Amino acid sequence: MTVITRFAPSPTGFLHIGGARTALFNWLFARHHAGKFYLRIEDTDRKRSTKQAIKAITDGLQWLGLSWDGDEIFQSENQERHVKIAKILLDQDLAYPCYCSPNELAEMREQARAKGLQPRYDGRWRDRDPAEAPPGVKPSIRFKAPKDGATVIHDSVQGCVEVDNQQLDDMIILRADGTPTYMLSVVVDDHDMGVTNVIRGDDHLTNAFRQTQLYRALGWDEPTFAHVPLIHGSDGTKMSKRHGSLAINAYQEMGFLPSALRNYLLRLGWSHGDEEIIDTDKAIEWFDLQDVGRAPSRFDYNKLESLNGHYLRELKDDQAVDLIEPDLSDRLRHKLTEEQQNRLHAGIAGLKPRAKTLVQLAENSFFYIAPRPINIESKAAKFLDDNAKAYLLELANELQDVTDWNKENIENLIREFANSRTLKLGLVAQPLRASLTGMTVSPSIFEVMVALGRFETLARLRDL
RNA sequence: GUCCCCAUCGUCUAGUGGCCCAGGACAUCGGCCUCUCACGCCGAAAACGGGGGUUCGAGUCCCCCUGGGGACGCCA
């Protein structure tokens, strides 16, 4: 049997970090088993679903590199089918109309809570003659859930979990306006799509029991469930839009790489021995639901950053330049000239290990393309007193005559220059760095000079 | 409140009864490298929530407590 998974977000907001991990796990599981991974947009709540949210979700998945099979599926398009199934349940006396008003229900819940019971529907219309229905009230349709015994699920992550059927009330499957509810729609769609493994957040665990009852009532095979623990914010509670969880594109804007985010998310709740750096091929090869932990985890920005630094260093020089070029030309407010691109390509290798994010990489490389005279940070300016400026000018004159402008020659000349004046190398290098980069921190100053080229180097020195 | 789930360094985790006076990674703190800062390398500090069992032996199994989380919608 081919494995079929699905990611089923509701388009009421952006794709956040928890959703992204759920999608990743579904994707990984399907790819590992050479199965299918579908995207189903759960847009049955038309009031809250938006086009922007759908786009944010698909863009986010694409950016993360999680490609789904076939076209995305819109749950709202299957409504007729959902209603049809509800009718079948009704015909088979597995569902019934309920004429309770929302107020009545609220009261019921309140009373149950007061008595220390789980707030739930008491089933008052379950066996009542519909002839007693109050006039003019459209009923909702409720599923006739088993009253005795217990429902057990064998969850790939949570193991064997059992709940007393008394805890589960008769859920609404069709609203008073005739539209299907989530609980019905998921079951029907998952069945119709042939979903074999439902991998989703832990917050759905209790739903799994109700859904299981529905599968059984319908005589359908149940999928295997896998409820993955949630990702918590730094305070240890569920992440939400107002609480620590950012849209996936926020991570993109902060300069994170999809590869880093995938690796990070994978290791949050899943492990493979002591492995930390896991590329996507390895992830597909190793991923298994058995290795997903049962405890919730907290989001750790530092670790993400560290991983990002790793993947940044692994980038080919050309790729790295391509990735920061849009940012750079924004700062410049024009496209990069060929000369600027050349300097970047020459300097990028020295820049990569010094950045954790693309944003930092762009920031740190700006000095290469900055128009003269370059801006000198105040901390850097402190290195440029009159004394320093004087010997920097002398140095410029010596540099002018270097026959072959390469790192070795430049370094030799500068070391010799410092030696002859009994200056420590740092006393020359720091002012040099300040005048050439405008900063106190940069890659090796000799590399910088090579990347800048002789003309620009001398010009910057003489700008002082 | 009721039900369900969870519990190893600050964080993510390894650990499936003896290999663990608990290993890795991030972060932290030292050191090396060194023209600055990173990278890299070396090293340090840092955890099995508590109490009962079971067993020759428990981080690993059972029970209780405590703590945390999630679910209890005509939302998904």
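Just above, that's the structure.
These numbers were taken from a predicted model, which means no experiment stands behind them. (Residues numbered from 1 in each chain as written. Chains lettered and ligands numbered in written order. Predicted model: local features only at pLDDT ≥ 70, side-chain atom pairs only at ≥ 80, totals over all residues. Heavy atoms only, no water.)

1. Observations regarding the protein's contact with RNA strand B
- Close to RNA strand B lie 67 residues, the nearest being Arg175, Pro353, Arg354, Arg433 and Ser442.
- Among the atoms of RNA strand B lying within 4 Å of the protein, the sugar-phosphate backbone contributes 70%.
- Note that a sugar or linking oxygen of RNA strand B is positioned 3.3 Å from one of the backbone N or O atoms of Thr440.
- In this structure, Ser444 approaches RNA strand B through a side-chain N or O atom, which is 2.5 Å from a base nitrogen.
- For the surface near RNA strand B, the secondary structure elements donating two or more residues are helix H4 (102-114), strand S7 (159-164), helix H5 (182-193), helix H6 (205-218), strand S12 (297-298), helix H10 (301-314), helix H17 (425-437) and helix H18 (445-462).
- A breakdown of the residues in the surface near RNA strand B according to their chemical character gives 21 nonpolar, 25 polar and 21 charged. (Near = heavy atom within 4 Å. Polar contact = N/O pair within 3.5 Å; in protein donor to acceptor, adjacent residues only side chain to side chain. Helix = DSSP H or I, 4+ residues; strand = E, 2+ residues; numbered from the N terminus. Nonpolar A, V, L, I, M, F, W, Y, C, P; charged D, E, K, R; others polar.)

2. With respect to the sheet that holds strand S8 (residues 172-174)
- Taking strand neighbours across the sheet as the criterion, the three strands line up as S4-S5-S8 in an open arrangement whose pairing is antiparallel. The open sheet has two free edges, formed respectively by strand S4 (95-98) and S8, since each of these has just one partner strand. Averaged over all pairs of adjacent strands, the angle between their axes in this sheet comes to 45°, without regard to strand direction.
- Summarising the sheet, strand S5 (residues 140-143) and S8 pair through two bridges and their orientation is antiparallel. Along S8, the bridge assignment pairs Arg142 with Ile172. (Pairing = 2+ DSSP bridges. Axes fitted to C-alpha atoms, helices over the stretch in contact; angles between N-to-C directions.)

3. A word on H10
- Look at H10: 20 Å from first C-alpha to last across 14 residues, which is about the 20 Å you get at 1.5 Å a residue.
- Packing partners of the buried residues in H10 comprise helix H7 (248-253), helix H8 (258-267) and helix H13 (358-369).
- For H10, the N-terminal cap is Asp300; the gap from its side-chain oxygen to the backbone nitrogen of Asn302 is 3.1 Å. (Expected span 1.5 Å × (residues − 1). Contact = heavy atoms within 4.5 Å.)

4. Examining the pairing of strand S2 (residues 36-41)
- Buried residues dominate S2, accounting for five of its six residues.
- Read as a crossover between parallel neighbours, the route from strand S1 (residues 4-7) over helix H1 (residues 17-32) to S2 is right-handed.
- The pairing of S2 with strand S3 (residues 73-74) spans two bridges and is parallel. Across the sheet, Ile41 pairs through a bridge with Phe74, a residue of S3.
- Viewed along the sheet, the connection from S2 through helix H2 (residues 51-64) into S3 turns out right-handed. (Buried < 20%, exposed > 50% of the residue type's maximum accessible area, 1.4 Å probe, protein only. Right-handed = clockwise from strand over helix to strand, strands pointing away.)

5. Digging into the pattern of salt bridges
- With the rule as written, the count across this model stands at 27 salt bridges.
- The salt bridge partner of Lys282 is Glu285, with a shortest N-O separation of 4.0 Å. Here Lys282 pairs with Glu285, and both are found in helix H9 (residues 280-286), just three residues apart, close to one helical turn.
- Classification of Lys282 as partly exposed rests on a relative accessible area of 34%.
- The closest approach of N and O atoms between Arg415 and Glu411, which form a salt bridge, is 2.9 Å. Taken together, the residues span about one helical turn, with Arg415 and Glu411 both in helix H16 (residues 407-420) at a distance of four residues.
- The network of salt bridges with common partners includes Arg6, Arg40, Glu42, Asp189 and Asp190. (Salt bridge = Lys/Arg side-chain N within 4 Å of Asp/Glu carboxyl O.)

6. Some thoughts on the sheet that holds S2
- The strand order across the open sheet built from three strands is S1-S2-S3, with neighbouring strands paired in parallel fashion. The open sheet has two edge strands with one neighbour each: S1 and S3.

7. With respect to the packing of helix H12 (residues 338-351) against H18
- In contact at an axis separation of 7 Å, H12 and H18 are set at 140° when each is read in the N-to-C sense. With respect to H18, the element H12 is oriented oblique. Residues Glu339, Arg343, Ala346, Gly347 and Gly350 of H12 lie in contact with H18, whose contacting residues are Glu447, Ala451, Leu452, Glu456 and Arg460.
- Residues that form the contact of H12 with H18 fall into these classes: three nonpolar, two polar and five charged. (Parallel < 35°, antiparallel > 145°, perpendicular 65-115°, else oblique.)

8. So, the layout of surface pockets
- Space inside the largest pocket adds up to approximately 1,000 Å³.
- If you trace the largest pocket, you find 40 residues lining it, with Ala8, Pro9, Ser10, Asp203 and His204 closest to the centre.
- With five residues, H1 is the largest single contributor of residues to the lining of the largest pocket.
- Its residues assigned to classes, the lining of the largest pocket shows 16 nonpolar, 14 polar and 10 charged.
- Here the second largest pocket defines a volume of roughly 330 Å³. (1 Å grid on protein atoms, 1.4 Å probe; cavity = no way out; pocket = protein on both sides within 12 Å on 5 of 7 lines; lining within 4 Å. Points joined across faces, edges and corners; volume = space filled by probe spheres on them.)

9. Some thoughts on the side chain of Gln79
- For Gln79, the location among the structural elements is in helix H3 (residues 79-91).
- Discounting residues that sit within four places of it in the chain, Gln79 has contacts with Arg46, Thr179 and Pro180.

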